[in-house]
Amino acid sequence: MLKGGILNAQLAHVLADLGHKDTLVVSDAGLPVPDGVEKVDLAWKPNEPKYLDVLKEILSSIVVEKAILAKELKTVSPDMHQKILEVLPKDIPIEYVDHVDLKEKTKSSRAIVRTGEFTPYPSVILVCACAY
């Protein structure tokens, strides 16, 4: 039995299986999951688990070289936008795309991790880096 870190077996397996340039989405409760993309559904009630808690824990486990966010996040949910920027690694580029384009990009992701977040547009696509 694990004594710390990510205890969810499905999420731990997904993270361990990621390679360089693979993408992982950390999403709010409403982001649609395309057919063929694995869904790690952590949501159990509105705003639980909290998006930022899940994002922080995932970022403590993987190496990220880039993040992709929806442009709409800046204007619709500026407080969440700022909090996400504070959590993401400081040395990575952030790309902004229209939300429609972000949803299209999720079709090639290894998995989508669904949180209970009810704030609009916080979903992020994390592009994995090489650990060495």
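This text follows the structure it describes.
No experiment lies behind these values; they were computed from the predicted model shown. (Residues numbered from 1 in each chain as written. Predicted model: local features only at pLDDT ≥ 70, side-chain atom pairs only at ≥ 80, totals over all residues. Heavy atoms only, no water.)

The next subject is the overall build of the chain. The secondary structure content of the chain amounts to five helices and six strands. When the helices and strands of the chain are listed from N to C terminus, the series reads α-β-β-α-β-α-α-β-α-β-β. In terms of overall dimensions, the chain is globule-like: its C-alpha atoms have a radius of gyration of 14 Å, near the 14 Å expected for 132 residues. Viewed in the frame of its principal axes, the chain has a C-alpha envelope of about 45 × 35 × 30 Å. Here the chain, with 132 residues, has 43% of them falling under the buried criterion. For the chain, the proportion of contacts with a sequence separation of at least 24, taken over those separated by at least 6, is 87%. Looking at the chain, you have 16 positive and 19 negative side-chain charges, and the mean spots of the two groups are 2 Å apart. (Helix = DSSP H or I, 4+ residues; strand = E, 2+ residues; numbered from the N terminus. Rg over C-alpha atoms; globule rule 2.2 N^0.38 Å. Buried < 20%, exposed > 50% of the residue type's maximum accessible area, 1.4 Å probe, protein only. Contact = heavy atoms within 4.5 Å. Lys, Arg positive; Asp, Glu negative; His and termini not counted. Charge placed at Lys NZ, Arg CZ, Asp CG, Glu CD.)

Attention now moves to the packing of aromatic side chains. Evaluation of the coordinates by the stated rule reveals zero aromatic pairs. Over the face of the ring belonging to Tyr 96 we find Lys 74, whose NZ or CZ atom lies 3.9 Å from the ring centre. (Phe/Tyr/Trp six-rings, centres within 6.5 Å; stacked < 30°, edge-to-face > 60°. Lys NZ or Arg CZ within 6 Å of the ring centre and 35° of its normal.)

Taken as a whole and assessed by the stated rule, the structure comprises eight salt bridges. With a closest N to O distance of 2.5 Å, Asp 17 and Arg 110 form a salt bridge. In this pair, Asp 17 is assigned in helix α1 (residues 9–17) and Arg 110 in the loop between α5 (99–105) and β5 (111–114), connecting sequence segments 93 residues apart. Asp 17 sits in the partly exposed class, given a relative accessible area of 43%. Salt bridges sharing common partners tie together Asp 17, Asp 22 and Arg 110. (Salt bridge = Lys/Arg side-chain N within 4 Å of Asp/Glu carboxyl O.)

As a further point, take the sheet that holds strand β4 (residues 94–97). Pairing is mixed across the open sheet formed by six strands, whose spatial order is β2-β5-β1-β6-β3-β4. What marks the edges here is a single partner per strand, and that holds for β2 (38–41) and β4. Taken pair by pair, the neighbouring strands of this sheet meet at an average axis angle of 20°, ignoring direction. Of the pairings in the sheet, the one linking strand β1 (residues 23–27) to β5 comprises four bridges and is parallel in character. Bridge pairing in β5 links Val 26 to Val 113. (Pairing = 2+ DSSP bridges. Axes fitted to C-alpha atoms, helices over the stretch in contact; angles between N-to-C directions.)

With respect to the element layout, Leu 102 can be found in helix α5. On the basis of relative accessibility, which here comes to 0%, the residue Leu 102 falls in the buried class. Distance in space between the C-alpha atoms of Leu 102 and Ala 12 is 24 Å, their sequence separation being 90 residues. Dropping the residues within four chain positions of it, Leu 102 is found in contact with Leu 31, Ile 68, Leu 69, Ala 70, Val 97, Ser 123 and Ile 125.

The subject of this paragraph is the pairing of strand β3 (residues 64–70). With five of its seven residues buried, β3 lies for the most part within the structure. Bridge count between β3 and strand β6 (residues 124–128): five bridges; the pairing is antiparallel. If you follow Leu 69 over to β6, its bridge partner there is Val 124. Alignment of β3 against β4, held across four bridges, turns out to be parallel.

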